[in-house]
Amino acid sequence: MPSASDTTTGAAPAGAAPGGAKERRSRFDTTLLGGKIALLVVIGALVLVFPQMAADPFILSVGVVIASYAALAVSWNFVGGFTGYISLGHAAYSGLGGYATALFITRADLNPWVALIVGGLLVAVLAVPIGIASLRVRGASFVIVSIALVLILLLVAQSWASLTGGAQGLRVPRPFGEDVLRPEQHERFFYIHVAFIVVALALWWAIDRSRFGMGLKAIREDEDKAQALGVPTGGYKLTVFVISAFFTAVAGGLYALWFGYLDPIFQFSILIGSYMVLMSLLGGLRSLMGPVLGAVIVGYSLEFFKVHYGDSQFHLVALGLLLALVVLFMPDGVLPAVGALVDRFRPEKRTSIREMTAEELLEHNRRLDGGTGTPEGTASPAGSGPGATDAERDLATVPPREEQR
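Residues numbered from 1 in each chain as written. Predicted model: local features only at pLDDT ≥ 70, side-chain atom pairs only at ≥ 80, totals over all residues. Heavy atoms only, no water.

A. The arrangement of the confidence of the model for the protein in detail. For the protein, per-residue confidence averages 82 on the pLDDT scale, and 82% of positions sit at 70 or higher. Taken together, the stretch residues 1–17 has pLDDT below 50 and engages in 37 contacts with residues farther than four places along the chain or on a different chain. Ignoring residues within four places in sequence, the model shows residues 389–405, a span with pLDDT below 50, making 25 contacts including any to other chains. (pLDDT = per-residue confidence, 0-100. Contact = heavy atoms within 4.5 Å.)

Here's what the structure looks like:
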């Protein structure tokens, strides 16, 4: 007689998902995957042709600004998305990356692209002691420590005028020759930023599917339990913190090479760190493409409000309202909200035979045995008669020990 775990032979039992439902789910998932791939292809094509579609150099420069914001948000998402540590002070690493790149070019006469990588590595090294000290605290304390670091570096950059230029700022030589006009520079830097974002996203995706990433997500959900289960929380947090600092520094260096000028008040601004958090929260803090989507929305909104209300601080009010709306109506971000909406149209998943009652399982066995409830030529087992209780019927459907083996 078939046991309760036998789902490969005979007719589908009552209460189990029919084959048609499985086919519908499979068809739905295949269609959904195809739609995602098609959407990515379309978006990729639009990104590649954007410089040619831009109506004027200003629109192209706005595209570079949005790409720069996306690079910063993706870099921040390494530590914020994986560990849940909200840092408002990541402008410290983007600012350090910008100044390090500029100083390596002007003082050490390095190639601009070599200076960019060396500056990012230097900031990553500096992030090790900073991470060891700051990652000992959590929650609001970590936020305060990150803000304090930005303010300290702002004072240093303003005071150390012989090195950073002080309040006068620091000019950064552009990596391309004088024969390359400004619109061409915009186009080249747009593609460079896009390539940087693709590399950062690929690494984020690889970490997300690794054992290291599982440990980081365990820290995000409950750090104490993760540590009790043997996850080296200190080492994992420090590693992803340094990775995030490196990519943020490189993004800051790219901005310095593109813009050609560094101002300490802008480079070490808490607003820059707040934008990184807002962009990641808006798009989806724990998703791969969430920070990119958030950067497109926030970056475009910032440029729009600055053009129309540049003489006021209305753009800050508008961003505050945007953040409030996100927290109220889409606390997980746009992409997770869209994913939840898509899941509502997914065919109902009911595949477990354990959802069957004892009567349904007995009826299933009777159908398989030709309506007798037992194989032909054998007597009815005790407890399978019409007057048997539910418990007796359950026992009647369990195969002998030898058959279970």
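B. Spotlight on the side chain of T101. Relative to the helices and strands, T101 resides in helix 3 (residues 91–106). Taking relative accessible area as the criterion, T101 reaches 0% and is therefore assigned buried. Here G97 takes part through its backbone oxygen, which lies 2.8 Å from a polar atom of the side chain of T101. The contact partners of T101, leaving out residues within four places of it in the chain, are P112, A115, L116, G253 and L257. (Helix = DSSP H or I, 4+ residues; strand = E, 2+ residues; numbered from the N terminus. Buried < 20%, exposed > 50% of the residue type's maximum accessible area, 1.4 Å probe, protein only. Polar contact = N/O pair within 3.5 Å; in protein donor to acceptor, adjacent residues only side chain to side chain.)

C. Seen up close, the packing of helix 8 (residues 211–221) against helix 10 (residues 233–259). Remark: helix 8 packs on helix 10, axes separated minimally by 10 Å, with the N-to-C direction vectors making an angle of 105°. Of the possible angle classes, the one that applies to helix 8 and helix 10 is roughly perpendicular. Along its contact with helix 8, which presents R211, F212, G215, L216 and I219, the element helix 10 presents T233, Y236, K237, T239 and V240. For the contact of helix 8 with helix 10, the per-class residue count stands at five nonpolar, three polar and two charged. (Axes fitted to C-alpha atoms, helices over the stretch in contact; angles between N-to-C directions. Parallel < 35°, antiparallel > 145°, perpendicular 65-115°, else oblique. Nonpolar A, V, L, I, M, F, W, Y, C, P; charged D, E, K, R; others polar.)

D. Summary view of the nonpolar core. By size, the foremost hydrophobic cluster in this structure holds 81 residues, and its most contacted members are F78, F196 and I197. Broken down by element, this core gets its largest block of residues, 14 residues, from helix 10. Those residues in contact with F196 that lie beyond four places of it in its chain are A71, S75, F247, V250, A251 and L254. (Core = buried A, V, L, I, M, F, W, Y, C linked by side-chain atoms within 4.5 Å.)

E. Layout of the pattern of salt bridges. Evaluated as defined, the whole model comprises seven salt bridges. Residues R138 and E223 are paired through a salt bridge, measuring 3.4 Å at the closest nitrogen-oxygen approach. Remark: E223 occurs in helix 9 (residues 223–228) and R138 occurs in the loop between helix 4 (112–134) and helix 5 (139–159); sequence separation between them is 85 residues. Judged by its relative accessible area of 9%, E223 is buried. A salt bridge links D224 to R138; the shortest N-O distance between them is 3.0 Å. With D224 in helix 9 and R138 in the loop between helix 4 and helix 5, this pair connects stretches of sequence that are 86 residues apart. Among the ionic contacts, a cluster of salt bridges with common partners joins R138, E223, D224 and K237. (Salt bridge = Lys/Arg side-chain N within 4 Å of Asp/Glu carboxyl O.)

F. Inspection of the packing of aromatic side chains at higher detail. Evaluated as defined, the whole model comprises 20 aromatic pairs. A ring pair is formed by F50 and F190, whose centres lie 5.2 Å apart and whose planes are at 40°; its orientation type is tilted. Remark: F190 occurs in helix 7 (residues 182–208) and F50 occurs in helix 1 (residues 19–53); sequence separation between them is 140 residues. The class of F190 is buried, set by a relative accessible area of 7%. Each ring, one from W113 and one from F176, has its centre 6.0 Å from the other, and the planes form 55°; the classification is tilted. (Phe/Tyr/Trp six-rings, centres within 6.5 Å; stacked < 30°, edge-to-face > 60°.)

G. Region of the structure containing a nonpolar patch on the surface. Together, V42, L46, L48, V49 and M53 line one region of the surface with nonpolar side chains, adding up to about 470 Å² of accessible area. Note that V49 resides in helix 1. Its relative accessible area of 35% is what places V49 among the partly exposed residues. (Patch = residues over 30% accessible without salt bridge, like charges linked within 9 Å, V, L, I, M, F, W, Y side chains within 5 Å. Areas by Shrake-Rupley, 256 points an atom, 1.4 Å probe, with all protein chains shown as cover.)

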